[in-house]
Amino acid sequence: MAPPPAAAEQIETTTTTAIHEEDDGQVVNPWEVSAKDGGKIDYDKLIDRFGCQRLDHALIQRVEHLTSCPAHVFLRRGVFFAHRDFAEILDAYERGDNFYLYTGRGPSSEALHLGHLIPFMFTKYLQDVFKVPLVIQLTDDEKFLWKNLTVEECQRLARENAKDIIACGFDISKTFIFADFNYVGGAFYKNMVEVAKRVTYNQAVGIFGFTGEDHIGKVSFPPVQAVPSFPSSFPHLFSGKENLRCLIPCAIDQDPYFRMTRDVAPKLGYHKPALIESLFFPALQGETGKMSASDPNSAIYVTDSAKDIKNKVNKHAFSGGQDSVEKHRQLGANLEVDIPVKYLSFFLEDDAELEHIKKEYGAGRMLTGEVKQRLIQVLTELVERHRRARAAVTDEMVDAFMAVRPLPHMFG
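Residues numbered from 1 in each chain as written. Predicted model: local features only at pLDDT ≥ 70, side-chain atom pairs only at ≥ 80, totals over all residues. Heavy atoms only, no water.

1. Concerning the overall build of the chain
Phase 1 of the analysis: Regarding its fold elements, the chain presents 20 helices and nine strands.
Phase 2 of the analysis: Here the C-alpha atoms of the chain give a radius of gyration of 21 Å, agreeing with the 22 Å that 2.2 N^0.38 yields for 412 residues.
Phase 3 of the analysis: Projected onto its principal axes, the C-alpha positions of the chain cover 65 × 50 × 45 Å.
Phase 4 of the analysis: The buried share among the 412 residues of the chain stands at 53%.
Phase 5 of the analysis: At a minimum sequence separation of 6, the contacts of the chain that also span at least 24 residues come to 78%.
Phase 6 of the analysis: On the chain, roughly 17400 Å² of surface is accessible, and the fraction owed to carbon and sulfur atoms is 51%.
Phase 7 of the analysis: Averaging the coordinates of the 47 positive side-chain charges in the chain and doing the same for the 57 negative ones gives two points 3 Å apart. (Helix = DSSP H or I, 4+ residues; strand = E, 2+ residues; numbered from the N terminus. Rg over C-alpha atoms; globule rule 2.2 N^0.38 Å. Buried < 20%, exposed > 50% of the residue type's maximum accessible area, 1.4 Å probe, protein only. Contact = heavy atoms within 4.5 Å. Areas by Shrake-Rupley, 256 points an atom, 1.4 Å probe, with all protein chains shown as cover. Lys, Arg positive; Asp, Glu negative; His and termini not counted. Charge placed at Lys NZ, Arg CZ, Asp CG, Glu CD.)

Written out as structure tokens, the structure reads:
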């Protein structure tokens, strides 16, 4: 077994207790998400454990004020609910200082499900309203280390996933997409080594829960995901701009990587990266974590047909409605557990319509079948729109996004 973490070695405000050994029974790390006894993730406990902050209404109002644009639905409804130093990013922006965005994808599957799209949909909004550059990391090396895949298959999946990412509508004049197997080297590798030298093995065990049975490739990977938050890792983009701040939109299971990064950054003369973090998108069968790629009926994929979506929602979307019409009319639906309502909260743009559905369904005046029918319409439109955009993405477009080149209209 690995030695226990040294008590004095702490990262940010979280303890070095291995994240998979918490007393609350939740497992939340970059590779596994599950709640105690198959229940719901307790996000309040997660915030306390990780040491991040709740995203409050005042910050959302500041975003609207500074950008002169309405807050994204994911902000308005608390999908992105936690942050680290987001206020400092807004302060810097208000002063006229620029920043850049960094997000990523671990390419382990042929097609993305809706949960995978959420950070990219939100990142596109941030790029549009703040008019800032974006780097997107495809961690094909990570998937080789954690999955039973060949290097070549990981590289192929990275390009396929890049097409889905590009289909979200990113501005090519402000966006650089890179795959680790192709890009890592030079200044990027220099920063990796600088980070690696400043994180002890005990700290890595404490943050990530590595054991003596894990191969050293896993232990060596975290610096690879850390250093895109340092502008000097991209000299073709940010030469002479090494003081740029970085904002990372991601799901909260990625937080351990950046707790480590934020501890090391000041030692290297960089700003700590800021984070804005999302909830997990629930499985169709219920809110017990995030969707599983191993169970196709737990998720809606961007490759699903209209018939697939209808069948999955009707057969597998967990309902909070009662087991008879008479009882439902009397008691109404339990909105806290109803997956169709939760999915509509993510993807139905109209706030007034969503509130109407919640009120009528919760009172028993609207039936489960009606709510599911509306969800089927919303998801079918979303997936069809994405499919059309994805079909228009050529290999040449992927090459253009991944080309190492200056970004001509990086800011503004």
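There is more to say after this.
2. Things to note about the packing of helix α17 (residues 339-347) against helix α19 (residues 368-391)
Phase 1 of the analysis: α19 packs onto α17 with a crossing angle of 40° between their chain directions and a minimal axis gap of 10 Å. Handedness of the α17/α19 crossing: left-handed. Listed contacts from α19 to P340, V341, Y343, L344 and F347 of α17 are V371, K372, R374, L375, V378, L379 and L382.
Phase 2 of the analysis: Each residue belonging to the contact of α17 with α19 can be placed in one class, and the counts come to ten nonpolar, no polar and two charged. (Axes fitted to C-alpha atoms, helices over the stretch in contact; angles between N-to-C directions. Left-handed = near helix turned anticlockwise from the far one by under 90°. Nonpolar A, V, L, I, M, F, W, Y, C, P; charged D, E, K, R; others polar.)

3. Here's the deal with the nonpolar core
In a soluble, globular protein the nonpolar side chains are often hidden away together inside.
Phase 1 of the analysis: Of all hydrophobic cores here, the largest spans 72 residues; its most connected members are L75 and F347.
Phase 2 of the analysis: A total of nine residues in this core trace back to one element, the largest contributor, which is helix α5 (residues 114-130).
Phase 3 of the analysis: In contact with L75, not counting residues within four places along its chain, are L55, I60, V63, F80, F122, Y125 and I276.
Phase 4 of the analysis: By size, the runner-up hydrophobic cluster in this structure holds 38 residues, among which are F210, F221, V224 and I248. (Core = buried A, V, L, I, M, F, W, Y, C linked by side-chain atoms within 4.5 Å.)

4. Comments concerning the sheet that holds strand β9 (residues 274-278)
Phase 1 of the analysis: Here seven strands make up an open sheet; going across it, the order is β3-β4-β9-β8-β5-β6-β7 and the pairing mixed. Each edge of the open sheet is held by one strand with a lone partner, namely β3 (53-54) and β7 (175-179).
Phase 2 of the analysis: For strand β8 (residues 245-251) and β9, the ladder comprises five bridges, and the chain directions are parallel. Bridged to I248 within β9 is L275.
Phase 3 of the analysis: On the sheet, helix α7 (residues 151-166) packs against β5 (99-105), β6 (134-138) and β7 and is oriented at approximately 145° with respect to β6. (Pairing = 2+ DSSP bridges.)

5. Concerning the packing of α7 against helix α20 (residues 395-402)
Phase 1 of the analysis: Where α7 meets α20, the axes come as close as 10 Å, and the angle between the chain directions of the two elements is 85°. As judged from the angle between their axes, α7 and α20 are roughly perpendicular. From α7, R159, A162, K163 and I166 reach across to α20, where they touch D395, M397, V398, D399, F401 and M402.
Phase 2 of the analysis: Taken together, the residues of the contact of α7 with α20 break down into six nonpolar, no polar and four charged. (Parallel < 35°, antiparallel > 145°, perpendicular 65-115°, else oblique.)

6. Side note on the environment of L114
Phase 1 of the analysis: As for its position among the elements, L114 is in helix α5.
Phase 2 of the analysis: The spatial distance from the C-alpha of L114 to the C-alpha of K36 is 24 Å, given a sequence separation of 78 residues.
Phase 3 of the analysis: When neighbours within four sequence positions are excluded, L114 is seen to be in contact with F281, I300, F347, L379, L382 and V383.

7. Regarding the packing of aromatic side chains
How two aromatic rings sit relative to each other is given by the distance of their centres and the angle of their planes.
Phase 1 of the analysis: With the rule as written, the count across this model stands at 36 aromatic pairs.
Phase 2 of the analysis: For the pair F178 and Y183, a centre-to-centre distance of 5.1 Å together with 55° between the ring planes defines the contact as tilted.
Phase 3 of the analysis: When its relative accessible area of 2% is taken as the criterion, F178 is described as buried.
Phase 4 of the analysis: Residue class for Y183 comes out buried when judged on its relative accessible area of 15%.
Phase 5 of the analysis: Counting every residue linked through ring pairs, the aromatic cluster contains W31, Y102, W146, F208, F210, F221, Y257 and F258.
Phase 6 of the analysis: The ring of F50 carries the charged tip of R259 above its face, separated from the ring centre by 4.5 Å. (Phe/Tyr/Trp six-rings, centres within 6.5 Å; stacked < 30°, edge-to-face > 60°. Lys NZ or Arg CZ within 6 Å of the ring centre and 35° of its normal.)

8. Quick word on the pairing of β5
Phase 1 of the analysis: The element β5 is largely enclosed, with a buried count of six among its seven residues.
Phase 2 of the analysis: In this sheet, β8 lies alongside β5 in parallel orientation, the contact comprising three bridges. Within β8, the position partnered with Y100 by the bridge is C246.
Phase 3 of the analysis: Where β5 and β6 come together, five bridges link them in parallel fashion. By the bridge assignment, G104 is partnered in β6 with Q137.
Phase 4 of the analysis: For the handedness criterion, the β-α-β arrangement of β5, α5 and β6 is classed as right-handed. (Right-handed = clockwise from strand over helix to strand, strands pointing away.)

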